[in-house]
Amino acid sequence: MRDHSPAHSHMTTNPLLTKTPGAVRPVARVLVATTAMLSFISFWRAAAIVLNDMGSSAFYAGAIAEEAFGKTAPWFILAIMLFAYAVRALYMESCSMFVRGGVYRVVKEAMGSRLAKISVSALMFDYILTGPISGVSAGQYLTGFLNDFFRYAHLNIALPGNLTAALFAIAVTLYFWWENVKGIPESSGKALRIMYVTTVMVVLMLAWCGYTLWARGAHLPPWPEPSNMHFSDQALGWLRHTNWAYTVGLIGIFIGLGHSVLAMSGEETLAQVYRELEHPKIPNLKKVGFIIFAYSLVFTAGVSFFAVMIIPDSTRSQYFGNLISGLAMNFAGPYTLRLVFQAFVVLVGVLMLAGAVNTAIVGSNGVLNRVSEDGILPQWFRQPHRRFGTSYRIINLVVGLQIATIILSRGNIFLLGEAYAFGVMWSFAMNSAAVLALRYKRPGFREFRVPLNLQIGGVEIPVGLVLITITLLGLCTINLFTKQIATISGIIFTAAFFATFTIAEGITKRRDTTGAELDQFNVASRTELSTATLGVRPSNVLVPISNYHALYHLGAVLDRVKTERRDIVVLHVQVLQRSGSSEVEFETDQLFGSIEQYLFTKALSMAEQRGKPVRLAVVAANDLWDGILRAAVNLQSSTIVLGRSTKMSLAEQARQFGLAWEALPDPRPPFNLEIFTPQGEHEFFLLGPHAPNLTRNEVNLVHQLWLRMGDLVRPEELHHHDVVHFALNEVKQELMEGKEQDVAQRLKDHLVQNKAQRNPPAGTG
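Within every chain, residues take consecutive numbers counted from 1 along the sequence as written. The predicted nature of this model means local features are confined to residues of pLDDT at least 70 and side-chain atom pairs, given and counted, to a pLDDT of 80 or more, with totals for whole chains, interfaces and linings taken over all residues. Side-chain metrics rest on all non-hydrogen atoms present in the structure, leaving aside hydrogens and water.

## A few points about the overall build of the protein
Item 1. If you tally the helices and strands in the protein, you get 28 helices and 10 strands.
Item 2. Over its C-alpha trace the protein gives a radius of gyration of 30 Å, about what one expects of a compact globule, namely 27 Å for 765 residues.
Item 3. Across its three principal directions, the C-alpha atoms of the protein cover 90 × 70 × 55 Å.
Item 4. Only protein chains enter the accessibility calculation, which uses a 1.4 Å probe; a residue is then buried when its area is under 20% of its type maximum, exposed when over 50%, and partly exposed in between. Out of the 765 residues belonging to the protein, those deemed buried represent 53%.
Item 5. In this charge count, Lys and Arg are treated as positive and Asp and Glu as negative; neither His nor the chain ends contribute. We put the charge of a Lys on NZ, of an Arg on CZ, of an Asp on CG and of a Glu on CD. Charge centroids of the protein, computed over 64 positive and 55 negative side chains, lie 4 Å from each other. Here a helix means four or more residues in a row that DSSP labels H or I, a strand means two or more in a row labelled E, and each is numbered from the N terminus. Here the globule rule reads 2.2 Å times residues to the power 0.38, and the radius of gyration is calculated from C-alpha atoms.

In structure tokens form, the structure reads like this:
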């Protein structure tokens, strides 16, 4: 068992490691900083992340709804987008309570572990289906464009829609599987750039739709009355043998809404990005919520309305797999121009939908890591990849299930859409019921509350929250009877995951002997990481470690550093994944489990072999480079030593680390950065303003210019630093005059020439 008793903060009393012959080594201490070292993003970037997930449904939700019950679908999509704003308020309240108001955390707090496992099982069904439906939709758009292009080019080629879409979805899923195994992080900047491009497409689409309707005339879709709704047998499910959908208006409306809920998928992402929002959080969250509401209302509902109003009834069903492409090909204007715009639509669609595939893998990985940290899944799932250090076993499981889903669906987007609604609705409903229960279980102040709250005799009646919960449960209930495939597959999947979680949790608790052969640690919990809490001197050497298969850089530091002069800090940064365990405040066991125990056991063994003490620490961060640098700032480190990245070149690794340093808040302290390779070679970099490391060639060049220019500027006195200052100012002036490309090309030519001189071709003398 681990000892969680507090450790002394004075450096000389810390039992740190070294085993000497005939002596028993005291238990080494690991300091766990329970406050996450987070880097924060603006509300615009947060909105872009959510819209990349939620906005992807605009490409297929309207078509799936119309396939189910006819031309009244746009009104139901509009109603769902309005209702989504209420559901968003629900997530905002849960965020105000927990910082990270995801389904798992909220349900666990309100209803206990068992219902939390059920809710997370339904959420996993959502995530497992998000990837396939997004990938298949992207494939449908690409296939539709290629077939239109082949007809335009008079080529006798016609790609099979569903098969091509399925193959494309599998290819995209495998691509993001490899990216996630390597550990390529998500980028809010990339999401923002995608939304820039998407916004250009949306504006052009709206303008062209308006022109087309002006030229041809406009007619709104039929009103959502029972006489205008035509449910397919598949849409009615087990109710197809009754007339309830037509004779009981409320049932018909709920069936229509149930087939339209895909339009608000992605709401869970709002809770996952909340912790990344910059201060002030709640006001910024409100801005994010409004941006998402306005954008999705115009984009998702707009696509559905314009499709019914512009695409002829006789041909619209041909475009149910790629509805926005159908809009583009039915605009008023030259065919060539419409085909070009369709290509733009496909580009945007593939970018956004492929991003949703990646989000599904990242989200699933985060959720399963979270339940693994809670002891529900064995730590075996979190064992790091030998080369990349990622939780590849979880990623393999998720991607395997997604590919199996694509194969079973055969690229049929309507089949996927029907099944997808199960996980979406039940995760919403469980979250809503949990927030409602917490109003009474944990009453008190909240920064944000779902509106419509009445006070009667000192008792609060949360009318708004009750109405949202009843509506969500009503939609879930009607979906159980009308979505046969979703109900059967969803219940089987959820039950299977729940059974797996329950059995695995029991086995994990019975076999909690994973640390039997590992070193035991005195785990000291502190809110912040600092020189005082860790007991180190300033100007220490910080060595981040993450993969126990690759600790060669730690070995190099231990071989070289004299610990009587400088302390060595071995740091593990637990990178928080979206949908993972990413609250601002952590329990110690969330940050220090068997994986970390094994990692530090190996590090400790290396230090013992060399007879040198090290300090051990764990922190959490949502960006690896930023987390390392913030820890270095807190510990007043002078040197940071890294191992060579397996995901990028050494120069790119140093550049990314330098960019992370530039993003630190002022004042930014300088650091020495050393990057070691497995072969023992290493490169040295300086972070921050510093004198350049000039070679003999640069020194000689400055001297030659000084000699030549000195006589030309007489009687003024010229120094070597004047020559450098003048040359740099000249380059700066060229950049300010708009000659960036010319300067960049000359600099590139210079770098290529220098590289050629350093590495002459073989055989040259």
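Back to the write-up after that little detour.
## Section: helix α2 (residues 61-69)
Item 1. The element α2 is extensively covered by neighbouring structure, given that eight of its nine residues are classed as buried.
Item 2. Along α2, the residues that are buried comprise Ala-61, Gly-62, Ala-63, Ile-64, Ala-65, Glu-66, Ala-68 and Phe-69.
Item 3. Note on α2: the residue one or two positions beyond its end, Gly-70, has a positive phi of about 100°.

## Points about the nonpolar core
Item 1. Residues belong to one nonpolar core when they are buried, are Ala, Val, Leu, Ile, Met, Phe, Trp, Tyr or Cys, and are joined through side-chain atoms within 4.5 Å. Counting residues in hydrophobic clusters, the biggest one holds 158 residues, and the most contacted among them are Met-264 and Phe-299.
Item 2. The criterion used for residue contact is that any of the two residues' heavy atoms lie within 4.5 Å. The residues touching Phe-299, leaving out its near neighbours within four places in the chain, are Gly-55, Ala-58, Phe-59, Thr-198, Met-201, Val-202, Met-205 and Ile-324.

## Examining the environment of Glu-447
Item 1. In this fold, Glu-447 is placed in the loop between α17 (413-441) and β2 (453-456).
Item 2. Once the C-alpha coordinates of Glu-447 and Ile-394 are considered, the two residues, 53 residues apart in sequence, prove to be 36 Å apart.
Item 3. Apart from residues lying up to four places away in sequence, Glu-447 is in contact with Ser-96 and Ile-282.

## Side note on the packing of helix α1 (residues 43-54) against helix α7 (residues 188-216)
Item 1. Axis definition: a line fitted to C-alpha atoms, over the contacting stretch in the case of helices. Angles run 0 to 180 degrees between N-to-C directions. The contact between α1 and α7 brings their axes to 8 Å, and the two run at 70°. The angle between the axes of α1 and α7 places the two elements in the roughly perpendicular class. Across from Trp-44, Arg-45, Ala-48, Ile-49, Leu-51 and Asn-52 in α1, the residues of α7 making contact are Ser-188, Gly-189, Ala-191, Leu-192, Ile-194 and Met-195.
Item 2. Along the lines of polarity and charge, the residues of the contact of α1 with α7 split into eight nonpolar, three polar and one charged. Here is the rule for angles: anything less than 35 degrees is roughly parallel, anything more than 145 is roughly antiparallel, 65 through 115 is roughly perpendicular, and the remaining ranges are oblique. Three classes are used: nonpolar for Ala, Val, Leu, Ile, Met, Phe, Trp, Tyr, Cys and Pro, charged for Asp, Glu, Lys and Arg, and polar for all others, with Gly counted as polar.

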